[in-house]
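# What the coordinates show
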Amino acid sequence: MEVQTASRVEVMGIDAGGTMTDTFFVREDGRFVVGKAQSNPADESLAIFNSSEDALAHWARTVDQVYPELVTCVYSGTAMLNRVVQRKGLDVGLMCNKGFEQVHSMGRAIQSYLGYALEDRIHLNTHRYDEPLVPLARTRGVTERTDVQGQVVIPLREHEVRQATRELVEAGAQAIVICLLQSHKNETSEKRARDVCREELAALGVDIPVFASVDYYPSRKESHRMNTTVLEAYAAEPSRQTLKKVSDRFKKHGAKFDLRVMATHGGTISWKAKELARTIVSGPIGGVIGSKLLGETLGYENIACSDIGGTSFDMALITKGSFSIHSDPDMARLVLSLPLVAMDSVGAGAGSFVRIDPYSGGIKLGPDSAGYRVGTCWPESGLDTVSVSDCHVVLGYLNPDNFLGGAITLDVDRARQHIKEQLADPLGLSVEDAAAGVIELLDLQLRDYLRANISAKGYNAADFVCFSYGGAGPVHTYGYTEGAGFKDVIVPAWAAGFSAFGCACADFEYRYDKSVDVAVAQHGSDEEKVAASQTLQAAWEELAAKVVEEFVINGFKPEDVILRPGYRMQYMGQLNDLEIDSPVTGAATAADWDKMVEAYEETYSRVYASSARSPELGFSVTGAIMRGLVTVQKPSLPEDEEAGPTPPQEAHLGTRPFYRNKQWVDAVLWKMEALKPGNEITGPAIIESDATTFVVPDGFATRLDKHRLFHLREVK
């Protein structure tokens, strides 16, 4: 324990996951500490408080001492996503064009097989639709039609809007969403419907919010736009109350900062932001942001980010120092209009349940998880199904007396008994071999998934550094990177709180997007290029006003805001566009257009290949983007002095039996916090901290560098 009060604590990051809640505190001298506590779905603010106390105890300080010192705090969590998955949101009413009442339920048909494996995608009898967020009973159509050019061909029937409003209120709607066709091309009808709806609600004396899609997500693809606006009403508003509770607890302990939330595009926004649905998934994104910062500091351009928590394995690629953004991703089996850091996820983590498949007779992992209840090894979990964590405990990976720093004690014999009954006996194996088989299967799945994602994008693992983090990342790092051929494999000492660290690294940034539709041939005239540039500039100015408004709401002055325009461009005739940071701050001339095309082609060559370019088709801009950011405090990497390869005696904790390759061996135990930069450790070894466990088996060695990053390598 370090007693240090001279250097004040400035930055806090939070990752409220489904299993654990991590906190990350940074002092002004750059030192940091990680805390961990079991998540509490009923009261996230309490889990954050407990995790904070756990972290600050390392500095012999308390929440009441530190919260008033903090300059900034960033939250990320899964509460909103869980609310959608579990269908526990508000009762929303939906108003759309008459004749299109089924659009939300249909979900472009692809929602019937989103998230399925290939064999289930190709068979119609396996397809199924989830319950829609808004049932048909609370959906009303009104007469109006705007064509694809943005011309109003059938004016809005206002009396139908009033009637629909009354019927939705009678049906129990707690919020009303309005989404009309082509409103991104011409917003007149939808805005008028919004105003009429509010007038009628006022006349009825009913105070419920109204969400018009054009006010939030004015983008093409009506299913995506409708889903995202519905999400804003259905899940974001209830989540705002959760965040208010978190913010209130901070203030109760003297905090003066305004709580920020990690957004899907990689920046952070205030919990008071209008577009809160942008925070639907945030924890895994924090890890990508943290990896990018580490890469910039260490000089790594190509990074494979891998995050293992209790529930899932999330991965993303950073190439040439940049990560990709998807403009219309899917999430929770919904197609959405949200800019989302491109990530791939598989439902396999340290808490995944393990069962015998009744059809194949083989081991089946997940996709459901023990979550914060760990596994049957925790007697108070109430679980009787084996989880991956039970296998860890039985094989000697985890210290049953030091899980979460000893906050809960794990029962090895209880885990052994459940594994014997559910896995070992049916498979005709010993308990150890059954548990080891589960770990090997999980590692194999993760390794194949990681390698497939890299090769499918046309890359070679040998060109990448792999960052492994998450509470369960260091336990499995050796397993899913073995033989993959990465240039280097890095495990941060603060791996358990790495996503929270990444959140603290993110810019305070608002982002608005808008669909536009301009196209210029490869050798188009200067007049065409000027017209296209001016259309894009007009969209940028409209979005800039929205961005600045958000910052003003949060107490900033317009002159504090740094504006960064961007756009989405594609070759005419192709289906996929790419997001580009604009090389010009304003678009007005033919030369500006040429610079934007050049930037697009350069990015296209990086993402695909130079030989795949198709300039002869011409160029089309499909979307305008405006990002605004203000300067905030961020953490810096520690730099400690090298202390040589031999670990200090105080870091040695003894040995523990460890099972791998069908034999028990004595693994040397080390205390992670006591190791010094330059220390070399050869397996079999287990490096423990209160928040995570780093396994270094036979055939592997690791070295701790001056930034407290472990470099794992295979040895002969």
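Residues numbered from 1 in each chain as written. Predicted model: local features only at pLDDT ≥ 70, side-chain atom pairs only at ≥ 80, totals over all residues. Heavy atoms only, no water.

Going by an unreviewed UniProt entry, the chain carries the name Hydantoinase/oxoprolinase family protein and comes from Nitrogeniibacter mangrovi.

### Focus: the pairing of strand β2 (residues 20-27)
This is how the line gets drawn: Each residue is assigned to one of three classes by its accessible area relative to the maximum for its type, calculated with a 1.4 Å probe on protein chains only: buried under 20%, partly exposed between the two thresholds, exposed over 50%. Numbering goes from the N terminus for both helices and strands, where a helix is a DSSP run of H or I of at least four residues and a strand is a run of E of at least two. A pair of strands is labelled paired if DSSP reports no fewer than 2 bridges between them.
Among the eight residues that make up β2, eight are buried, leaving the element largely enclosed by the rest of the structure. Where strand β1 (residues 9-16) lies against β2, seven bridges are found, and the strand directions are antiparallel. Opposite Ala16, over in β2, you have Thr21 as the bridge partner. Hairpin connection of β1 to β2: three residues between the antiparallel strands.

### Regarding the packing of aromatic side chains
Note on aromatic pairs: each is described by the distance of the centres and the angle between the planes. Defined as follows: Two rings from Phe, Tyr or Trp (for Trp, the six-membered ring) form a pair when their centres are within 6.5 Å of each other. A pair whose planes differ by under 30 degrees is stacked, one over 60 is edge-to-face, and the rest are tilted. Both a distance and an angle decide whether a charge sits over a ring: NZ of Lys or CZ of Arg must be within 6 Å of the ring centre and within 35 degrees of the ring normal.
Applying the stated criterion to the full structure yields 29 aromatic pairs. Ring geometry for Phe250 against Phe257: centres 5.1 Å apart, planes inclined by 65 degrees, an arrangement best described as edge-to-face. Grouping residues by exposure puts Phe250 and Phe257 together as buried. Ring centres of Phe551 and Phe556 lie 5.8 Å apart, and the angle between their planes is 90 degrees; on these two criteria the pair is classed as edge-to-face. Through pairs of rings, three or more aromatic residues link up here, namely Phe24, Phe32, Tyr469, Trp494, Phe498 and Phe501. The side chain of Arg27 reaches across the aromatic face of Trp59, ending 4.6 Å from its centre.

### Quick word on the state of the cysteines
Keep this limit in mind: Two cysteine sulfur atoms make up a disulfide if the distance between them is within 2.5 Å.
This model, assessed by the stated rule, comprises zero disulfides. Note on Cys305: no disulfide assigned, nearest cysteine sulfur contributed by Cys466 at a separation of 8.4 Å.

### So, empty space enclosed by the protein
Short version of the rule: Put simply, the grid is 1 Å and covers the protein atoms alone, a cavity is a trapped set of points that fit a 1.4 Å probe, a pocket is an open set with protein on both sides within 12 Å along at least five of seven lines, and lining residues have an atom within 4 Å of a point. Grid points are joined across faces, edges and corners, and a volume is the space filled by probe spheres set on the points. Gly is put with the polar residues, along with every residue not named as nonpolar or charged; the nonpolar set is Ala, Val, Leu, Ile, Met, Phe, Trp, Tyr, Cys and Pro, and the charged set is Asp, Glu, Lys and Arg.
Counted by the stated rule, this structure contains four cavities of 30 Å³ or more. Roughly 90 Å³ of internal volume is contained in the largest cavity. Taken together, Tyr75, Gly77, Thr78, Ala79, Met80, Ser239, Thr242, Leu243, Val261, Thr279 and Ile280 form the lining of the largest cavity. At the level of secondary structure, the elements contributing two or more residues to the lining of the largest cavity comprise β4 (72-77), α3 (79-85) and α9 (222-252). If you tally residues by element for the lining of the largest cavity, the top one is α9, at three residues. Broken down by class, the residue content of the lining of the largest cavity amounts to six nonpolar, five polar and no charged.

### Details of the packing of helix α6 (residues 158-170) against helix α7 (residues 188-204)
Selection criterion: With axes taken as lines fitted to C-alpha atoms, and helix axes fitted only over the stretch in contact, angles between N-to-C directions fall between 0 and 180 degrees. Any angle from 65 to 115 degrees is called roughly perpendicular, while one under 35 is roughly parallel, one over 145 is roughly antiparallel, and all others are oblique. Handedness of a helix crossing follows the sense of rotation of the near helix relative to the far helix, less than a right angle counterclockwise being left-handed and clockwise being right-handed. Pairs of residues are marked as contacts when any of their non-hydrogen atoms sit within 4.5 Å.
It is the contact of α6 with α7, at a shortest axis distance of 9 Å, that shows an interaxial angle of 50 degrees. Looking at the two axes, α6 sits oblique to α7. Judged by the sense of rotation from one axis to the other, the crossing of α6 with α7 is right-handed. The residues of α7 that touch α6, namely those facing Glu158, Val161, Arg162, Thr165, Arg166 and Val169, are Arg192, Ala193, Val196, Cys197, Glu199, Glu200, Leu201 and Leu204. Among the residues making up the contact of α6 with α7, the classes are represented as seven nonpolar, one polar and six charged.

### Observations concerning the sheet that holds strand β10 (residues 210-212)
As summarised here, the arrangement of the four strands in space is β6-β5-β9-β10, forming an open sheet in which the pairing is parallel. Of all the strands in the sheet, just β6 (139-142) and β10 have a single pairing partner and so form its edges. The average undirected angle you get between the axes of adjacent strands in this sheet is 20 degrees. Bridge analysis of strand β9 (residues 175-178) against β10 gives three bridges, and the strand direction is parallel. Bridge assignment links Val177 to a residue of β10, and that residue is Phe211.

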